[in-house]
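Reading the structure
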Amino acid sequence: MTAPLAVSLGDPAGIAPEVIAESWVRRREMALAPFFVVGGAAVLRAAAATRGIDLPVASISAPGEAASVFGSALPVLGDEDCAPAFGEPTIEGAALALHSLTKATALALSGEAGGVVTGPIAKSKLAAVGFTQPGQTEFLADACGLPHEAAVMMLAGPSLRTVPLTVHEALAAVPGLVTRDLIESKARIVARALARDFGLPSARIAITGLNPHAGEDGRMGTEDRDVIIPAIAALQAEGLAVTGPHPADALFAAHAREGYDVALCMYHDQALIPIKTLDFDQGVNVTLGLPIVRTSPDHGTAFAIAGKGMASAGAMIAAIRMAGECTARRAA
């Protein structure tokens with residue numbers, strides 16, 4: 001039996017607490033692995049109440065206690081909490097979010113938790129309480145003692161998986177950041193992770209072009225010809241099932257998606273627009289390349305609708321389910 005999953009609360013003023021609560025309510029229907037939340041019992045109860053849920057919460061002192069109470073109550077580890085204030089982020093809430101993330105990650109690293117599912121955070125507020133990384137992916141990399149580039153973001157849904165080669169970079173900077181080394185290293189990490197965590201030992205990786213029509217042999221930009229094609233050739237020589245460069249405007253049609261398991265895209269929006277168009281309510285952010293399993297719903301804090309009973313729990317449920325599946329594969 002695998003260890004329970006640790007779920008970090010996210011910003012308590014956002015939608016994470018309510019969608020975590022609903023995920024527990026739907027645990028049997030969605031066949032979710034046992035999980036516990038780090039901190040925020042009062043916030044979780046209040047958030048659940050905004051959705052008409054009378055949430056039973058069980059205080060636990062160690063992750064190992066979660067499975068025995070999971071069937072009748074949502075396990076919460078620790079007494080850390082703050083006053084519920086949905087839609088109004090505070091410094092106190094940011095401190096709780098950072099504590100929850102830090103503790104959940106540490107428990108996954110120690111093996112006491114099978115993996116970590118992270119609720120969305122507000123980075124501007126977290127910066128005021130000592131959060132120095134660009135985002136949670138980089139936080140996880142630091143916690144695991146890895147360089148940031150070793151932690152690879154994959155967006156996954158029922159219809160599609162995508163990986164952005166460059167992430168939060170200005171579009172004007174992207175061409176200079178697209179290098180053979182970066183393409184090759186990320187493709188290798190993706191191939192290893194899909195074999196280990198997703199049961200795809202020979203994952204088919206479609207690599208997009210950077211320029212329109214993949215550059216048309218240099219007529220619309222030279223990066224595809226001079227950088228991407230040599231990287232693909234090197235990866236193919238290693239035995240990886242890599243194809244491309246594919247023009248991104250045609251790669252995400254239904255018939256095209258049948259030909260690959262994951263698309264390695266050159267920049268943020270090239271990867272995120274299709275996944276959010278196709279799988280917005282079920283999209284999961286998975287961090288590949290870590291020694292621990294980490295997933296997160298592929299949405300933000302959504303302060304504008306927090307506490308109004310409007311937020312879909314689909315992505316959080318999908319993130320918990322995927323973390324459980326990946327953890328089980330690693331254990332096997």
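Computed from a predicted model, the values in this text were never measured in an experiment.

**Some remarks on the overall build of the protein chain**
For the protein chain, the helix and strand inventory stands at twelve helices and twelve strands. Taking 20 Å as the expected radius of gyration for a compact globule of 332 residues, we find that the protein chain reaches 20 Å, a close match to that expectation. Dimensions of the protein chain, computed from the C-alpha atoms along their principal axes, are close to 60 × 40 × 35 Å. When the 332 residues of the protein chain are sorted by exposure, 53% land in the buried category.

**Section: the pattern of salt bridges**
All told, the structure shown has twelve salt bridges when counted by the stated rule. When the shortest N-O distance is used, the salt bridge between E184 and R180 registers 3.2 Å. Taken together, the positions of E184 and R180, both in helix α8 (residues 180-198) and four residues apart, correspond to about one turn of that helix. Judged by its relative accessible area of 36%, R180 is partly exposed.

**Quick word on the sheet that holds strand β2 (residues 35-38)**
Strand order in the open sheet made by the twelve strands is β3-β4-β2-β1-β5-β12-β11-β6-β7-β10-β8-β9, with mixed pairing throughout. In this open sheet, the two strands that pair with only one neighbour each are β3 (57-60) and β9 (241-246). When strand polarity is set aside, the average angle formed by the axes of neighbouring strands in this sheet is 30°. As paired strands, β2 and strand β4 (residues 74-77) are joined by two bridges and run parallel to one another. The residue of β4 that forms the bridge with V38 is L77. The strands touched by helix α1 (residues 16-25) within the sheet are β1 (5-8), β2 and β4, with β2 carrying the most contacts at an inclination of about 160°. Across the sheet, helix α9 (residues 223-237) touches β8 (204-208) and β9, and the angle it forms with β9 is around 165°.

**Here's the deal with the pairing of strand β6 (residues 152-156)**
Across the five residues that make up β6, a large majority, five, are buried. Side-chain alternation along β6 places V152, M154 and A156 on one buried face and M153 and L155 on a second face that is also buried. Taken together, the five bridges between β6 and strand β11 (residues 284-288) define a ladder with antiparallel strand orientation. For L155, the partnering residue across the bridge sits in β11 and is N285. Pairing analysis gives two bridges linking β6 to strand β7 (residues 161-164), with the strands arranged antiparallel. Paired with L155 across the two strands is T162, which belongs to β7.

**A short note on the side chain of H299**
Within the fold, H299 resides in the loop between β12 (294-297) and α12 (314-331). Dropping the residues within four chain positions of it, H299 is found in contact with I15, P120 and A315.

**Some words on α1**
Where burial is concerned, most of α1 is hidden: nine out of the ten residues are buried. Within α1, burial applies to A16, P17, E18, V19, I20, A21, E22, S23 and W24. At its buried positions, α1 is contacted by β1, β2, α2 (41-49), α3 (66-70), β4 and α12.

**Observations concerning the environment of E138**
By the element assignment, E138 lies in helix α6 (residues 136-143). Judged by relative accessible area, which is 18%, E138 ranks as buried. Here the alpha-carbon distance between E138 and R27, two residues 111 residues apart in the chain, equals 30 Å. For E138, the contacting residues outside a window of four places in its chain are Q133 and H148.

**So, the pairing of β12**
Covered by surrounding structure in β12 are R294 and S296 together with T295 and P297, the residues of both alternating faces. Here strand β5 (residues 116-118) runs beside β12; their pairing, made up of two bridges, is parallel. Pairing of V117 across the sheet is with T295, part of β12. Pairing of β11 with β12, which is carried by three bridges, proceeds in the antiparallel orientation. Residue V286 lies in a different strand from β12, and its bridge partner there is T295.

**So, the packing of aromatic side chains**
Counting across every chain of the model gives two aromatic pairs. For the pair F35 and F70, a centre-to-centre distance of 5.1 Å together with 70° between the ring planes defines the contact as edge-to-face. A residue pair is termed long-range when its members are at least 10 positions apart, and F35 in strand β2 and F70 in helix α3 qualify at 35 residues. Take F70: its relative accessible area is 6%, and that puts it in the buried class.

About the criteria used
- Residues numbered from 1 in each chain as written.
- Predicted model: local features only at pLDDT ≥ 70, side-chain atom pairs only at ≥ 80, totals over all residues.
- Heavy atoms only, no water.
- Helix = DSSP H or I, 4+ residues; strand = E, 2+ residues; numbered from the N terminus.
- Rg over C-alpha atoms; globule rule 2.2 N^0.38 Å.
- Buried < 20%, exposed > 50% of the residue type's maximum accessible area, 1.4 Å probe, protein only.
- Salt bridge = Lys/Arg side-chain N within 4 Å of Asp/Glu carboxyl O.
- Pairing = 2+ DSSP bridges.
- Axes fitted to C-alpha atoms, helices over the stretch in contact; angles between N-to-C directions.
- Contact = heavy atoms within 4.5 Å.
- Phe/Tyr/Trp six-rings, centres within 6.5 Å; stacked < 30°, edge-to-face > 60°.

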